[in-house]
Each structure stands twice: as structure tokens, then as C-alpha cells.
2 protein chains.
Amino acid sequence: GPKNLVILDRIENPTAIAELKALNPKVTVTFYPYDVTVPVAETTKLLKTIFAKLKTVDLLINGAGILDDHQIERTIAVNFTGTVNTTTAIMEFWDKRKGGPGGVIANICSVTGFNAIYQVPVYSASKAAALSFTNSLARLAPITGVTAYSINPGITRTPLVHKFNSWLDVEPRVGELLLEHPTQTTLECAQNFVKAIEANQNGAIW
Amino acid sequence: GPKNLVILDRIENPTAIAELKALNPKVTVTFYPYDVTVPVAETTKLLKTIFAKLKTVDLLINGAGILDDHQIERTIAVNFTGTVNTTTAIMEFWDKRKGGPGGVIANICSVTGFNAIYQVPVYSASKAAALSFTNSLARLAPITGVTAYSINPGITRTPLVHKFNSWLDVEPRVGELLLEHPTQTTLECAQNFVKAIEANQNGAIW
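As a starting point, this report considers the structure included with it. Since this is a predicted model, take the numbers as computed values, not measurements.

Remarks on the packing of helix H3 (residues 72–94) of chain B against helix H4 (residues 121–139) of chain B
The packing of two helices is summarised by the inter-axis angle and the distance between the axes. Residue and element names in this part refer to chain B. Look at H3 against H4: their axes get within 9 Å of each other, and the N-to-C directions meet at 10°. The angle between H3 and H4 places the two elements in the roughly parallel class. In this structure, H3 contributes Ile72, Thr75, Ile76, Asn79, Phe80, Thr83, Val84 and Thr87 to the contact, and H4 contributes Val122, Tyr123, Ser126, Lys127, Ala129, Ala130, Phe133 and Leu137. In the contact of H3 with H4, the residues fall into 10 nonpolar, five polar and one charged.

Here it is as C-alpha cells:
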């Protein structure tokens, strides 16, 4: 059947979209602007458009995240509330109690959900929350028909970690200190994402 | 010296305040209206009033909480963001890097921070977040001079648990099912709070 990849992000990155399209011409890649901090009703509206176009959606990957403990409200809104609201919205289309076909949710959390980087306590706590939420979702699968697992990357050399604010500036060098630990490249990280997605195991914590 | 207990809550409960006053006439009990979901600046303003009046504050107990997974934003705002913001605001008065005297933070989290009640995944995740945040605070004590510990009650027979909404109504009987487990009275719970507060151990998880 036809294969579709829908990218939702606040800002379109045409270069990245073009690269994705070139990688596998059999996959139709579409972009929609989406900010995970919008009210659930707006997410529902966007999902209606997407489901109407694609007929079925198999997998939702919640990957939005920010790392900046000067921005308390925004950290919580993006890393935690955004994942909850996007998940809540898609349940209307997937929930087997409503005649839906079920689905799969892959939430990108973080190892800091288990072991906090305590200099960014708000970020770490938001990831602990996303992880706990994902584990609960997995346990609800018999009721909803929607399975879930979490992917918890370690320190990955993304632009996110080069420089970021600690809570109340408790450690101005937190970014540098972090990179003294073992790190992975974004490619290694992505390859492990693919393994997790192919394994597709409800309740898994990668 | 003079002993003060300041109660902050959304709604004043004069009967409860009167009971507290009668229990120990040596303690001055004061009430201020406070909603933990207000912006940090408002909290700072209230704390300025309180610190000006009392000169010193030794202990902050973050105890606001709601249990209703129909209210996603409010659950996160009260149970997680409220604790973070109130803590962030009091640091201005306590942080030893600013010449402050330090202080103690006791956060009332929940056993669901460790083991979720998966039928209320948003509530459980908000508590996992509050717990993670508290543990990070404790590790920051050498920098800030502010110590912290969490108190994690099990199922307590408060009005909160008699009837509450599960996420997307996945389990309408979750309140009843919960009370089939071992529970404690509010008195037992409070007595254990006192033990934890007297022990006053940085990083403890009660």
C-alpha cells in the first residue's frame, strides 16, 4: 500500500523534508505546521485533516522537546503536556472503545527521566513525567487498543546540548560538563530509534 | 523564639484554621489566599509580604494537589508546575549564593510517582515529575543551601480518592478499585508527615 510520513513541527525545514523525500521516493512525505503547546481542540482539528487524507495512521512519534531550565512553563508544556495532549487527541481516532483500529505511540523521553541531570531539574522532571505517562499508556493497551513504548536517548550531540541554561544558573557550565560524559551521535541515536520502532513492543523502555 | 505557621490555600477554611490555633496557642497561625498556578512574580510578591512579617521562614511544604485526569492542564499546573514555581520563587529569599540563609523544602508527592495508577496516567506522571524535581533539589543543596525531601503517601482516605475521573474514562470505577487496596487514614498520614519533617534529612524519600 501507499506509505506516508507526516512531519509536524513548529517551523518547516524544507532542506530536511527534501532529504527525507530523496531517501525513499516510495514514501510520500508531507509537512504540517504544529506546535504541541496548542489546546487539544486544535490538535484534533489537524488530526482530522491528516486522517481524512491518509485514511489510516499506524504510528505516532512524540518527539518535541526543549532543554532550557530558565523556561519553566515552556519546558513543561512542550516536554510533558504536549505529549499528553497530542496522545489524548489521537485517541479519538484510534481508541477501540470508539470503534477505532488502535495504533502505536512511540514517545521520545530521555535517560534523565530515570537519572536526572540535577542541574536541569525541570527538564529532567518533565522527562520523568513523559516516561511515567508512556508506561501507563502501555498498561492501558488492553482497554484502548493503543500500544506504547518509550525511547530514552542518552547524551546525544545535538544542537540542544551544546549550550543550555541550568535552573537558576546553578551550573553555568552544565553543557560542557555533560559533553565530558560518553555521548552518541545523532546518527547512532536515529539508528536505535529505528530498531525500537521495528521491534514495536508494547511497554518497552528503550 | 516566636513560632509561626502560615497556611496558603486557594480558599480559606476558618474552621480548620481555628482548630490549628487551638491545638497549640504558642504558634501564630496565619492564612493567605494562594493559588499555586499563578505566575512566579505573584508568588514572589506574596513571599515578600510573608518574609517581611516573619523575618525568617525555615520550612516550605508544597502540598497542593488535584486528582482528576479529565483536567490535564490543571493537573499538571497544580501538581507539578505549582511545586516548581513556588520553589523557584522562594529561592530568591533562601539561596545562599544571594546571601540567603538556606531553608528546607518538603514536597508532598505520591507513591504513584514510583508506581503509577495507570488509569490516571496524567496524575501519576505529574507526581513522578514532582518526585524527580525534589530529588534534584536535594542534590543542588551544596550549591543553594536549600535542602529537600519528598513525602510520598500511599492511598489515603481523603475526599480526593472517593470519586475521581480516569483518563478518557478508561476505568470509571478507579476510585472504588483503589479503596480495595490497603489504605491509611488522614491521621496516620499526617503523623508520618510529622516524623519525616522532624527527621529533616536532605534527599530522603519517605
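A look at the side chain of Asp68 of chain A
Tracing the backbone shows Asp68 of chain A in the loop between strand S3 (59–62) and helix H3 (72–94). In this structure, Asp68 of chain A is buried with no salt-bridge partner, the nearest side chain bearing the opposite charge being Arg74 of chain A at 8.4 Å.

Side note on the relation of the copies chain B and chain A
Once chain B is rotated about the relating axis by 180° and shifted along it by 0.0 Å, it coincides with chain A to within an RMSD of 0.0 Å. Both copies are brought into coincidence by an operation consistent with a two-fold rotation axis. Within chain B, the C-alpha atom positioned nearest to the axis of rotation is that of Ala129 of chain B, 2.5 Å from it. Looking at the interface residues of chain B, 100% of them are also at the interface in chain A, so both copies use one shared face.

Some thoughts on the sheet that holds strand S4 (residues 103–108) of chain A
Hydrogen bonding along the main chain pairs the strands of a sheet, whether they run parallel or antiparallel. All names here are of chain A. Here three strands make up an open sheet; going across it, the order is S3-S4-S5 and the pairing parallel. Each edge of the sheet is formed by a strand with only one pairing partner; in this case those strands are S3 and strand S5 (146–151). Going from strand to strand, the sheet's axes swing by 15° on average, the running direction of each strand aside. Pairing of S4 with S5, which is carried by six bridges, proceeds in the parallel orientation. The residue bridging Ala106 from the neighbouring strand is Tyr149, located in S5. Sheet strands in contact with helix H8 (residues 186–199) are S3, S4 and S5, and its direction is about 155° off that of S5.

Here is what the cut-offs are and how they apply
Residues numbered from 1 in each chain as written. Chains lettered and ligands numbered in written order. Predicted model: local features only at pLDDT ≥ 70, side-chain atom pairs only at ≥ 80, totals over all residues. Heavy atoms only, no water. Axes fitted to C-alpha atoms, helices over the stretch in contact; angles between N-to-C directions. Helix = DSSP H or I, 4+ residues; strand = E, 2+ residues; numbered from the N terminus. Parallel < 35°, antiparallel > 145°, perpendicular 65-115°, else oblique. Contact = heavy atoms within 4.5 Å. Nonpolar A, V, L, I, M, F, W, Y, C, P; charged D, E, K, R; others polar. Buried < 20%, exposed > 50% of the residue type's maximum accessible area, 1.4 Å probe, protein only. Lys, Arg positive; Asp, Glu negative; His and termini not counted. Salt bridge = Lys/Arg side-chain N within 4 Å of Asp/Glu carboxyl O. Least-squares fit on C-alpha atoms with pLDDT ≥ 70 in both. Pairing = 2+ DSSP bridges.

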